[in-house]
Amino acid sequence: MIALYVMAAVLILLLMITIHEAGHYTAGKLLGFGIEEFSVGMGPRLLSHKTKSGEDISLRVLPLGGYCAFTGEDEEAVPSEEDAVTDSRALPFSAQKPWKRIVVLAAGPLFNMLSAFVFSFIYIIAAGYSLPVVTDISADGGAYLSGLERGDVITAVDGREITFLDTAAELLGEAEGDTVLTVERGGRLVDIRAEKKDGKFGITLTYERRSIDALHAAGYSFPYTFELSGAIVRSFGMLLTGGVPLTDVTGPVGTVVTIAGYAERNALYFLLFLPLIASNLAIFNLLPIPALDGSRIIFALIELIRRKPINKKVEGAIHTAGLIILLALVAAVDIAGMIARSLS
């Protein structure tokens, strides 16, 4: 069974990369860039179709990558006076106007972030939210004489409604001292004033799942995605400052193993990882690391400001070195993760 979850996790990563490259492809088509190939997967071709405009749409053997190859992506820019008389689709990528290249480069992360909103919506619809049900009240707890009854369903804490974003655990954990708990009892809402002593109400809870309608799920999807993105940005910052050890980072192999492991316990985790990976991929690709979209955008911005192309051999060497270092780092992280898992 774990093999099926691993396969599904690989397909999730492939889906995210395909969405990313589709962003580059779509923006390139709209702005008149020449595109040689749009590939899903890496390595030898399995299937290929040539469109009327001469583009190859390919499916390749290794399901761990993909790319959108623009015309003359590694070529030097042609002289600017030729731009007006040359079909823009025949121009090398570097000869296209800098602002166009910035849009095309940013479109990949943008598509990932837009997909994160969609995936968040799907996850929220599927997961719903949970309301705590009182199953026992301790005689020495702060809530014993409050009037709470077994079977009460807590719906709000100090006037704050329990929702997908404001969870019961968070609201009950933040409550201090004298607290108003709103409960469902016999089909009506009742406010109960309960005291929290030594950080505890002295009640035992089980949880009842409630569904979320599409309108509310759409409203929750945006703050939820921004919350995920903020956590990812903070993690990157902590990684740079040493707050998060490098051993806690996972590469593609580690990500697949993690997704498969969680999904084996609960298939709902597949839906949880979709917006998380999508927003992670969007933010990671915008980092100013050579070979990533963020670095290429910076080079295009410099060219736009100085009104002069940067030496493409120098830029190409920087991106090539960055790619080699990045791949080596990813491989090292995955190897270290496999060793750590084998020893645990």
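Here, every reference points to the structure presented above.
All values derive from a computational prediction rather than experimental measurement.

Analysis parameters
Residues numbered from 1 in each chain as written. Predicted model: local features only at pLDDT ≥ 70, side-chain atom pairs only at ≥ 80, totals over all residues. Heavy atoms only, no water. Helix = DSSP H or I, 4+ residues; strand = E, 2+ residues; numbered from the N terminus. Buried < 20%, exposed > 50% of the residue type's maximum accessible area, 1.4 Å probe, protein only. Contact = heavy atoms within 4.5 Å. Areas by Shrake-Rupley, 256 points an atom, 1.4 Å probe, with all protein chains shown as cover. Core = buried A, V, L, I, M, F, W, Y, C linked by side-chain atoms within 4.5 Å. Axes fitted to C-alpha atoms, helices over the stretch in contact; angles between N-to-C directions. Parallel < 35°, antiparallel > 145°, perpendicular 65-115°, else oblique. Left-handed = near helix turned anticlockwise from the far one by under 90°. Nonpolar A, V, L, I, M, F, W, Y, C, P; charged D, E, K, R; others polar.

Engineer: What am I meant to see in the overall build of the protein here?
Structural biologist: Per the secondary structure count, the protein includes eight helices and eight strands. Per-residue burial for the protein yields a buried fraction of 42% across its 344 residues. Of all intrachain contacts in the protein linking residues separated by at least 6 positions in sequence, the fraction that spans at least 24 positions is 64%. Roughly 18,800 Å² of accessible area belongs to the protein as shown, and the carbon and sulfur atoms make up 64% of that amount.

Engineer: What's the story with the environment of threonine 320 in this structure? I'm lost.
Structural biologist: Relative to the helices and strands, threonine 320 is located in helix H8 (residues 312–343). Sequence spacing of threonine 320 and proline 290 is 30 residues, and the spatial spacing of their C-alpha atoms is 7.7 Å.

Engineer: Explain the nonpolar core here, please?
Structural biologist: One recurring pattern in soluble globular proteins is that nonpolar side chains are buried together. In this structure, Ile124, Leu148, Ile154, Phe164, Leu181 and Phe201 are the most contacted members of the largest nonpolar core, which totals 31 residues. At the level of elements, helix H2 (98–127), strand E3 (129–137), strand E4 (153–157), helix H3 (168–174), strand E6 (178–185), strand E7 (188–195) and helix H4 (214–241) are the ones that each hand at least two residues to this core. It is E3 that contributes the most residues to this core, five residues altogether. Isoleucine 154 has contacts with Leu131, Pro132, Val134, Ile162, Leu181, Thr182, Val183, Ile203 and Leu205, leaving out every residue within four places of it along the chain.

Engineer: Hey, could you run me through unusual backbone geometry in this one?
Structural biologist: The bulk of non-glycine residues show a negative phi, and the bulk of peptide bonds are trans. Even without a glycine there, the phi angle at aspartate 158 is positive, about 50°. Within the secondary structure, aspartate 158 is located in the loop between E4 and strand E5 (160–161). Positive phi outside glycine occurs at alanine 291, with the angle close to 90°.

Engineer: Help me out: how do you make sense of the packing of H2 against helix H6 (residues 268–285) in this one?
Structural biologist: Relative orientation and spacing of two packed helices are given, respectively, by the angle between their axes and the distance between those axes. Closest axis-to-axis distance for the H2/H6 pair is 8 Å, and the angle between their directions is 160°. Overall, the two elements H2 and H6 adopt an arrangement that is roughly antiparallel. Here the hand of the crossing between H2 and H6 comes out left-handed. Of the residues in H6, those touching H2 at Pro109, Asn112, Met113, Ser115, Ala116, Phe119, Ser120, Ile122, Tyr123, Ala126 and Ala127 are Leu268, Leu271, Leu272, Leu274, Pro275, Ala278, Ser279, Leu281, Ala282, Ile283 and Asn285. For the contact of H2 with H6, a count of residues per class yields 17 nonpolar, five polar and no charged.

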